[in-house]
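Observations on the three-dimensional arrangement
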Amino acid sequence: MEAKVIPYKDESKGKKEQVAAMFDKIASSYDFLNHLLSFGIDIIWRKKAVKMLKEDKPKMILDVATGTGDFAIQSMSLNPDKIFGIDISKEMIKIGVSKIKKKGLDGIISLAEGDAEDIKFDDETFDAITIGFGVRNFENVEKGLGSMYRVLKNGGKLVVLEFSKPKLFPFKQIYHAYFFGLLPFVGKMFSDDDSAYTYLPESVKRFPDGKDFTDLLVNQGFGEIQCKSLFFGIATIYVGKK
Ligand SMILES: C[S@@+](CC[C@H](N)C(=O)[O-])C[C@H]1O[C@@H](n2cnc3c(N)ncnc32)[C@H](O)[C@@H]1O
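Here we summarise the structure given alongside this text. (Residues numbered from 1 in each chain as written. Predicted model: local features only at pLDDT ≥ 70, side-chain atom pairs only at ≥ 80, totals over all residues. Heavy atoms only, no water.)

In this section: the pattern of salt bridges. Counted by the stated rule, this structure contains 17 salt bridges. Asp70 is the salt-bridge partner of Arg46, the closest N and O atoms lying 3.9 Å from each other. Linking Arg46 in helix H2 (residues 41-51) with Asp70 in helix H3 (residues 70-74), this pair joins segments that are 24 residues apart in sequence. The pair formed by Arg46 and Asp70 is uniform in burial state, with each residue classed as buried. Where Lys120 meets Asp118, a salt bridge forms, and the shortest distance between an N and an O atom there is 2.7 Å. You can call Asp118 partly exposed: its relative accessible area is 42%. Ionic contacts of the salt-bridge type, sharing partners, join the residues Asp31, Asp42, Arg46, Asp70 and Lys99 into one network. (Salt bridge = Lys/Arg side-chain N within 4 Å of Asp/Glu carboxyl O. Helix = DSSP H or I, 4+ residues; strand = E, 2+ residues; numbered from the N terminus. Buried < 20%, exposed > 50% of the residue type's maximum accessible area, 1.4 Å probe, protein only.)

For the rest of this paragraph, the subject is unusual backbone geometry. The omega torsion across Phe169 and Pro170 is 0°, close enough to zero to call that bond cis. The residue Ala65 is not glycine, and still its phi comes out positive at about 55°. Note on placement: Ala65 falls in the loop between strand E1 (60-64) and H3. We classify Ala65 as partly exposed; its relative accessible area is 25%. Located in the positive-phi region is Asn79, a residue other than glycine, with phi close to 60°.

Together, Lys47, Lys48, Lys51, Lys54, Lys57, Lys59 and Lys228 line one region of the surface with positive charge. Examined against the element boundaries, Lys57 turns out to sit in the loop between H2 and E1. (Patch = residues over 30% accessible without salt bridge, like charges linked within 9 Å, V, L, I, M, F, W, Y side chains within 5 Å. Areas by Shrake-Rupley, 256 points an atom, 1.4 Å probe, with all protein chains shown as cover. Lys, Arg positive; Asp, Glu negative; His and termini not counted. Charge placed at Lys NZ, Arg CZ, Asp CG, Glu CD.)

This is how it looks when you write it as structure tokens:
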């Protein structure tokens, strides 16, 4: 893998600390900008990702890098007994917790601070694990995937929703102009952080997608891999089974 993409290039702190600080900074505008910059498509993508678990009827779910909890909230459609969400950004979690409370879902969904690379749950606790737009931000992707594998029950599934890179003309060109041109510009205008929406396209560009990512899943022990490309390859849902 290439050298790490970090949000604040001039700082001496590691990627994890920088990512947590960046999401703490943009937390208050995250939901608004997410839906604006994706034209609401992120909501449809999370729905599709959660559908991949429909037949499994998971009762214990972990949403890793839960942020403001949108993936966890979407997973309520699976009728689980319990959903735990973990994230390294205190501010993202704060917003998630109040959103979940407002929706009256706090009996089922619990969010807490937690690192994907060192998950504080026992081995084989969860029937399913979800992670939306989070894995690309890990300091050590292999460690994160390995940690998720450990806390999954045998037969349990990991569903990863992540940005990928469209390969075909003209989507590749349109995507490039939007992601590297308009998106950082609008992001800067509405968020409290100048780097966050430059980091986003850079981190996507340098993150393994398609077979490169499924190879990482296989290396951590996942099998029966599925890979579903969304919207001409702008995002991909990956599923791996323990
Ligand atoms: C783009 S947001 C995605 C939030 C949410 N999953 C969604 O679908 O909107 C990425 C989140 O990953 C979190 N994150 C990054 N590295 C992490 C790690 N090692 N452990 C837990 N969360 C992490 C960030 O703090 C941030 O809230």
